[in-house]
Amino acid sequence: VTFDDILRPIERESFFLNHWARTPLLIKGLAEKFSSFPSSEALPGLLAGILKNGKWSDSINLFAEATGVSRSGEIIRLKSVPFSMYSQLYNAGFSLCFRDVSIGNKVLESLVSDCDALSDRKASAIVTSYLTPPHCNGYVHYDYQHVFFLQVEGSKFWRISERPGIECPIENLAYGSISQAFLNGLRQKGYEISIPSDSGSLDLLLEQGDVLYLPPGYYHVAHTREKYSFHYTLTLESSTFWDSVKIAFRNELLKNHAEFNRDLRTMPLEERLEFYSCQLETLRAALNALTPGDLEALIRNASR
Ligand SMILES: [Fe+2]
């Protein structure tokens, strides 16, 4: 499976020109579009790994995130649920989100490596999966990455925002778990997030074979009705200027670890200020020496 297969019948060029990093896109597909993907019935085996030639490998998915609703109507999010509780929680009405499931499966691995090849810059791609029982609710949030929901079985109802909460967000935001004071603090630093009720909303139904693309920062929340839902999320990280800069900073840290990473809590204040001044000098010199070509080389050579 390739990235182009996911987009079909939309052409890749048209997608990157009109939608990528700009607007959400719903691509209606035939029910058999994802027939080569592992089905929900294959999921437990996929998570447990492979036992072959006396070696057990790829049992990497030992924890999942579970989301459900309490008796009083509050959303419950359990972030690290062990394998042994998957069945109990699913049967009790929780939606399960499994971390990167692409490792050890040829179809999903081929999709990931095709996405890696979209750019000569390093930009990671992962595939997670979501198994949601009927009558289950999610929580409003946005992701800082590009996400593609691939509806493999059943159906899911989505409410998405018409505008992003913020352009090019630097991290995810779960709307229910933050306060106005938190948003005000960020606004003072120049990072202005609009809340979901100010971002417009659009209701969509994803059925078997459909794909929904959301650029970074678009709010979304999903629920199921009579049918269960099984979908994969293809997540493409942005590959940014700051990613290159972070590598450059880390290289400086490696080189100057004895100073930059030294514990300063017992150093007297006056000495500390003098010390900062020295290290700032080192950092400035390094930044001044850095060229655009260096930044490009750093991200190209970064391990995928
Ligand atoms: Fe999300």
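Look above for the structure.
Reading the values: the criteria
- Residues numbered from 1 in each chain as written.
- Predicted model: local features only at pLDDT ≥ 70, side-chain atom pairs only at ≥ 80, totals over all residues.
- Heavy atoms only, no water.
- Helix = DSSP H or I, 4+ residues; strand = E, 2+ residues; numbered from the N terminus.
- Buried < 20%, exposed > 50% of the residue type's maximum accessible area, 1.4 Å probe, protein only.
- Contact = heavy atoms within 4.5 Å.
- Lys, Arg positive; Asp, Glu negative; His and termini not counted.
- Charge placed at Lys NZ, Arg CZ, Asp CG, Glu CD.
- Phe/Tyr/Trp six-rings, centres within 6.5 Å; stacked < 30°, edge-to-face > 60°.
- Core = buried A, V, L, I, M, F, W, Y, C linked by side-chain atoms within 4.5 Å.
- Salt bridge = Lys/Arg side-chain N within 4 Å of Asp/Glu carboxyl O.
- Arc of directions from axis to C-beta.
- Polar contact = N/O pair within 3.5 Å; in protein donor to acceptor, adjacent residues only side chain to side chain.
- Axes fitted to C-alpha atoms, helices over the stretch in contact; angles between N-to-C directions.
- Parallel < 35°, antiparallel > 145°, perpendicular 65-115°, else oblique.
- Nonpolar A, V, L, I, M, F, W, Y, C, P; charged D, E, K, R; others polar.

> What is the right way to read the overall build of the protein chain from this model?
When its secondary structure is counted, the protein chain shows 10 helices and 14 strands. On the principal axes, the C-alpha backbone points of the protein chain span a range of 65 × 50 × 45 Å. Of all 304 residues assigned to the protein chain, the portion counted as buried reaches 37%. Of all intrachain contacts in the protein chain linking residues separated by at least 6 positions in sequence, the fraction that spans at least 24 positions is 79%. Averaging the locations of the 30 positively and 36 negatively charged side chains of the protein chain gives two centres separated by 3 Å.

> Whenever I open this one, the packing of aromatic side chains confuses me. Can you help?
Here a ring pair, both rings aromatic, is described through the centre-centre distance and the interplanar angle of the planes. In the structure shown here, the tally under the stated rule is 19 aromatic pairs. Here the aromatic rings of Phe-15 and Phe-148 are separated by 5.8 Å at their centres, their planes lie at 45 degrees, and the arrangement is tilted. One end of the pair, Phe-15, is in helix α2 (residues 12–18); the other, Phe-148, is in strand β9 (residues 146–164), and 133 residues separate them in sequence. Assigned by exposure class, Phe-15 and Phe-148 land together as buried. Between the aromatic rings of Tyr-86 and Phe-98, the centroid separation amounts to 5.2 Å while the plane-to-plane angle is 65 degrees, which identifies the pairing as edge-to-face. With Tyr-86 in helix α4 (residues 86–91) and Phe-98 in strand β6 (residues 95–98), this residue pair connects regions lying 12 residues apart in the sequence. Relative accessible area serves as the criterion here: at 7%, Tyr-86 is assigned to the buried category.

> What is the right way to look at the nonpolar core in this model?
Here is a general trend for soluble globular proteins: nonpolar side chains tend to be buried in one another's company. With 36 residues, the main nonpolar core has Phe-98, Phe-148, Leu-150 and Tyr-232 as its most contacted residues. Not counting the four nearest positions on each side in its chain, Tyr-232 is found in contact with Phe-37, Pro-38, Leu-46, Val-101, Leu-108, Val-127, Thr-128, Ser-129, Phe-148, Phe-149, Leu-150 and Val-152. Counting 10 residues, the second-largest nonpolar core is a separate cluster that includes Phe-149, Ile-160, Leu-206 and Tyr-218.

> How should the pattern of salt bridges be read in this particular structure?
A side chain of one charge can pair with a side chain of the opposite charge when the charged atoms of the two come close. One pass over the structure, following the stated rule, counts 13 salt bridges. Measuring nitrogen to oxygen at the nearest pair gives 2.2 Å for the salt bridge that ties Arg-8 to Asp-5. Among the salt bridges present, the one from Arg-159 reaches Asp-203, with a minimum N-O distance of 2.7 Å. Taken as a pair, Arg-159 in strand β9 and Asp-203 in strand β11 (residues 202–207) lie far apart in primary sequence, 44 residues in all. Residues participating in the shared-partner salt-bridge network are Lys-28, Glu-207 and Asp-210.

> Looking at this structure, how should I read helix α5 (residues 106–116)?
Residues spaced three or four apart along an α-helix face the same direction, because each turn holds 3.6 residues. Of the residues making up α5, those classed as buried are Leu-108, Leu-111, Val-112, Cys-115 and Asp-116. For α5, the buried positions fall inside an angular range of 140 degrees around the axis, keeping them on one side. Residues of α5 that are buried sit in contact with α1 (3–7), α3 (43–48), β7 (125–132), β9 and β14 (229–236). The residue sitting at the N-terminus of α5 and contributing the capping side-chain oxygen is Asn-105; that oxygen lies 3.2 Å from the backbone nitrogen of Val-107.

> Which parts of the structure should I look at to understand the side chain of His-231?
Mapped onto the secondary structure, His-231 falls in strand β14. The exposure class of His-231 is buried, given its relative accessible area of 1%.

> I would appreciate a short explanation of the packing of helix α7 (residues 241–255) against helix α10 (residues 292–301) in the present structure.
For the pair α7 and α10, the least separation of the axes is 9 Å and the interaxial angle reads 90 degrees. Viewed along their axes, α7 and α10 adopt a mutual orientation that is roughly perpendicular. For the pair α7 and α10, contact is made by Phe-241, Asp-243, Ser-244, Val-245, Ile-247, Ala-248 and Asn-251 and by Leu-295, Leu-298 and Ile-299, respectively. Of the residues assigned to the contact of α7 with α10, the class counts are seven nonpolar, two polar and one charged.

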